[in-house]
Amino acid sequence: MNSNSDRLGAPVRDGRAPGDGVDAITGWAGGYVKRHPLASLSTVGEQFVVGVRTMQYFFVDLFTGRFQWQEFVRQGAFMAGTAVLPTVLVALPIGVTLSIQFALLAGQVGATSLAGAASGLAVIRQAASLTAAILMAAAVGSAITADLGSRKMREETDAMEVMGVSVIRRLVVPRFAAAILVGVLLTGVVCFVGFLASYLFNVYFQDGAPGSFVATFASFATTGDMVIALVKAVIFGAIVAVVSCQKGMSTQGGPTGVANSVNAAVVESILILMIVNVVISQLYIMLFPRVGL
């Protein structure tokens, strides 16, 4: 019998029957559903559980004296040392760019005296918390995911569970608290550096009046602007910590899996931060409407 035909006489090409193409497409479609929509739902569920358990253990341990203060201090120092310099270097050009854009816009409408208020408020209301959060996701979140992913590959987390030690209570909660604290501190740094950069650029490069810049900023800026920026910082720090820890603890596939988890943690954190930032900003505008700037 011809080797290029099957027993029924149907031609076979490259060892495949005619129905193999349809089977391949069907298998790919089914695999796509499992790889993407179902995997996304599973990831969201895991992150929700990790977030709820982390906040539960955080408050319980804080009031019962079981909080891991040593690990909290160690992680906070590491996060601050990792993210402070990049945050400052990013805040400087952001402040200068905002100053340039608002000065041009103010000059077009004949309100050059309001350039200080506009650029300063933009830094405090939007740029500060979002810049700090993105740098947290890129620098701190990647480090958290790599650390927990490596522990997962070395089966340290499994050994802790066998010994009755909660991984969330021992490893996640201190990182959660440290990320929130560092996020708030970085937001303050960005506010100061961004405002200072806008002021210096407006005064020394755009021939602006120092008194006008400070006076307009003080006239329109309120305590609520700083409060909402700090609230955003707390929420953003918690999001970065939860997403990074979940990705690290669910790592599979050896060193390649750790790299994939780090990449997924950074991308997902930034996407969630952007969406949450828009939601919080819109809710704040609707609940607390402002007149003018």
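Residues numbered from 1 in each chain as written. Predicted model: local features only at pLDDT ≥ 70, side-chain atom pairs only at ≥ 80, totals over all residues. Heavy atoms only, no water.

Draft legend 1. Region of the structure containing helix H7 (residues 210-220). When H7 is considered as a whole, its buried residues turn out to be Phe213, Thr216 and Phe217. Down the axis of H7, the buried side of the element spans an arc of 100°, and every buried residue falls inside it. What points out from H7, more than 90 degrees from its buried face, is the exposed set Gly211, Ala218 and Ser219. (Buried < 20%, exposed > 50% of the residue type's maximum accessible area, 1.4 Å probe, protein only. Helix = DSSP H or I, 4+ residues; strand = E, 2+ residues; numbered from the N terminus. Arc of directions from axis to C-beta.)

Draft legend 2. Broad picture of helix H2 (residues 37-64). If you check H2, its first and last C-alpha atoms are 40 Å apart, about what 28 residues at 1.5 Å a residue would give, namely 40 Å. Here H2 has its buried residues at Thr43, Gln47, Val50, Gly51, Thr54, Tyr57, Phe58 and Asp61. Residues of H2 that are buried make contact with helix H6 (167-204), helix H8 (223-249) and helix H9 (254-287). One or two positions beyond H2, positive phi appears at Gly65, with a value near 80°. (Expected span 1.5 Å × (residues − 1). Contact = heavy atoms within 4.5 Å.)

Draft legend 3. Focus on the pattern of salt bridges. For the structure shown, the criterion picks out nine salt bridges. Here Asp147 makes a salt bridge to Arg175, at a shortest N to O gap of 2.6 Å. Placement of Asp147 in helix H4 (residues 115-153) and of Arg175 in helix H6 is noted, with a sequence separation of 28 residues between them. Its relative accessible area of 0% is what places Arg175 among the buried residues. Between Glu156 and Arg154 there is a salt bridge, with its nearest N and O atoms 2.8 Å apart. The exposed category is assigned to Arg154, whose relative accessible area is 52%. One connected set of salt bridges, linked through shared partners, spans Glu71, Arg74, Asp147, Arg151, Arg154, Glu156 and Arg175. (Salt bridge = Lys/Arg side-chain N within 4 Å of Asp/Glu carboxyl O.)

Draft legend 4. Inspection of the confidence of the model for the chain at higher detail. For the chain, the mean per-residue pLDDT works out to 80, and 82% of the residues sit at or above 70. Of all secondary-structure elements in the chain, the lowest mean pLDDT belongs to helix H1 (residues 20-35), at 61, while H8 reaches the highest, 89. Ignoring residues within four places in sequence, the model shows residues 1-13, a span with pLDDT below 50, making 11 contacts including any to other chains. (pLDDT = per-residue confidence, 0-100.)

Draft legend 5. Highlighting a nonpolar patch on the surface. On the surface, a cluster of nonpolar side chains totalling about 650 Å² of accessible area is made up of Ile275, Val279, Leu283, Met286, Leu287 and Phe288. Here Leu283 is to be found in helix H9. (Patch = residues over 30% accessible without salt bridge, like charges linked within 9 Å, V, L, I, M, F, W, Y side chains within 5 Å. Areas by Shrake-Rupley, 256 points an atom, 1.4 Å probe, with all protein chains shown as cover.)

Draft legend 6. Layout of the packing of H2 against H8. Two elements in contact, H2 and H8, have axes separated by 9 Å at closest approach and are oriented at 115°. Handedness of the H2/H8 crossing: right-handed. In this structure, H2 uses Thr43, Glu46, Gln47, Val50 and Gly51 to contact H8, whose residues at the interface are Val242, Val243, Gln246, Lys247 and Met249. Across the contact of H2 with H8, the residue classes tally to four nonpolar, four polar and two charged. (Axes fitted to C-alpha atoms, helices over the stretch in contact; angles between N-to-C directions. Left-handed = near helix turned anticlockwise from the far one by under 90°. Nonpolar A, V, L, I, M, F, W, Y, C, P; charged D, E, K, R; others polar.)

Draft legend 7. Molecular detail of unusual backbone geometry. Within the chain, Glu155 stands out as a residue other than glycine whose phi angle is a positive 65°. Relative to the assigned elements, Glu155 resides in the loop between H4 and helix H5 (156-162). Classification of Glu155 by relative accessible area gives exposed; the value is 52%.

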